[in-house]
Amino acid sequence: SKGVTLTRVEIHAGKGGGGASGADGVSGADGEATGAPQNGRDVNCSATTPQNGGLPSVSSACGSVGGTGGMGYVSLPGGGGGPGTPTDHQSPPGQANGGPGATTVKVAGTVGAVGNGGVSGMHGGAAQTLGAFASTGYTVAGGRGGTEGNPGQGGGGGGASMGNGTLGGTCYGPSGGAGGQGGCGGKPGAGGAGGGASIAVLSWSSVVTLAACELSADLGGAGGNGGRGGSGGSGKAGGTGGSGLPQQSIGKAGDGGDGGDGGNGGNGSGGTGGPSIALVYHGAKPATVDDSLLTHAEVGAPGGPGGKLGVQGDWGPDGAIGAAQEQYEQL
């Protein structure tokens, strides 16, 4: 518009609407419980082939698998348990956590080590300090969502004990139990919406004169809370190692290690408080003559708090306090 003049006009904006809270993330799935296939085999003095170790459960939805149990042999050291996977994105990084097999008779196979927990997801980045104006209105400065937590490492397979082929018979040593499945990572929390604006006049690519006018903006809307990340799923216990034969000096095989817990989902950040601005313009700056008065809220609207899962001080970023000023030029 061109040549618009407002004379002795009072324009009072209402309060901005509050931003909606971001949705919380759901918890990660727990690892699947171990069953009979994950258990090692007992000592066997009539077997003709090595004793297979406990089998890992099928891969979970997030790719966590326990290590295979060590194999049992005759007059040979027991086989070592396999590592649980995945081995990236754990804290500390995933290790080769399978239990070693026994190298002498009478000694039990080593229990598989617990899988390391998954690294938590990243929190959402802080919201912008001010949203964006356009000819159609105001786009709020919303918070950002976090990222998904990482899966826990599967437990290591248990080591087999050593068989004994010298004391009355050929006995294959018991095999180790498979490692337990790790938990899945929690889903992220969503960012909170930014608060709505309180704007008396928006002049967009227009030529406006304000003569003896009174423009006032009220308080902007509060920013919405950031969503809370979902907690990581629990790792499960490993399979049981096969039993030994004390009278034949054959020890028990090692149990599989427990799977690691999944990492928490990242928290969402809070939305920025809505601005309180009497006059917003794009293009030509409106002329204010004859003691026109422009007022705004004394304080900015509060930003929404970030999501709060985990240790205090490591929560999602809070939203910024909303702007409170007479004029603002949208470039």
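See the structure shown above.
Keep in mind that what you see is a predicted model, and the values were worked out from it rather than measured.

Caption draft 1: Molecular detail of unusual backbone geometry. Residue Pro86 is reached from Thr85 by a cis peptide bond, and omega for that bond is 0 degrees. For Pro86, the location among the structural elements is in the loop between strand 2 (10-12) and strand 3 (90-91). Backbone torsion omega between Ser91 and Pro92 reads -10 degrees, so that peptide bond is classified as cis. Tracing the backbone through its elements, the reader meets Pro92 in the loop between strand 3 and strand 4 (117-118). Residues other than glycine seldom take positive phi values, yet Lys106 does so here, at roughly 75 degrees. Tracing the backbone through its elements, the reader meets Lys106 in the loop between strand 3 and strand 4. Residue class for Lys106 comes out exposed when judged on its relative accessible area of 62%.

Caption draft 2: Structural context of the nonpolar core. Judged by nonpolar contacts, Ala200, Val201, Val208, Leu210, Cys213, Leu215, Ala278, Leu279 and Leu294 together constitute the single largest core of nine residues. Elements that contribute at least two residues to this core include exactly strand 7 (198-204), strand 8 (208-211) and strand 10 (276-282). The contacts of Cys213, once residues within four sequence positions are left out, are Leu6, Thr7, Arg8, Val9, Ser292 and Leu293.

Caption draft 3: Spatial organisation of the packing of aromatic side chains. Inspection of the entire model under this criterion finds two aromatic pairs. Between Phe133 and Tyr138, the ring centres sit 4.8 Å apart and the planes meet at 40 degrees, which makes this aromatic pair tilted. Both rings, one in Phe133 and one in Tyr328, keep their centres 5.9 Å apart while their planes meet at 45 degrees; by these two values the pair is tilted. Taken together, the positions of Phe133 in strand 5 (residues 132-134) and Tyr328 in strand 13 (residues 324-329) put the pair 195 residues apart, joining distant regions of the chain. The buried category is assigned to Phe133, whose relative accessible area is 6%. The class of Tyr328 is partly exposed, set by a relative accessible area of 22%. Here a set of aromatic residues connected by ring pairs shows up, and it is made of Phe133, Tyr138 and Tyr328.

Analysis parameters
For every chain, the first residue of the written sequence is number 1, and numbering continues from 1 onward in sequence order. Per-residue local features are limited, in this predicted model, to residues with pLDDT of at least 70; the limit for side-chain atom pairs, both in listing and counting, is 80 or more; totals at the level of whole chains, interfaces and linings are taken over all residues. With hydrogens and water set aside, each side-chain value is computed from the structure's full complement of heavy atoms. Counting from the N terminus, the helices are DSSP H or I runs at least four residues long and the strands are E runs at least two residues long. Relative accessible area decides the class of each residue, using a 1.4 Å probe on protein chains only: under 20% of the type maximum gives buried, over 50% gives exposed, and in between gives partly exposed. By nonpolar core is meant a set of buried Ala, Val, Leu, Ile, Met, Phe, Trp, Tyr and Cys residues that side-chain atoms within 4.5 Å join together. We call two residues contacting when some pair of their heavy atoms lies within 4.5 Å. Each Phe, Tyr or Trp ring (for Trp, its six-membered ring) is paired with any other whose centre lies within 6.5 Å, and the angle between the two planes then decides the class: stacked below 30 degrees, edge-to-face above 60, tilted in between.

By themselves, these are just geometric observations and shouldn't be taken as functional.
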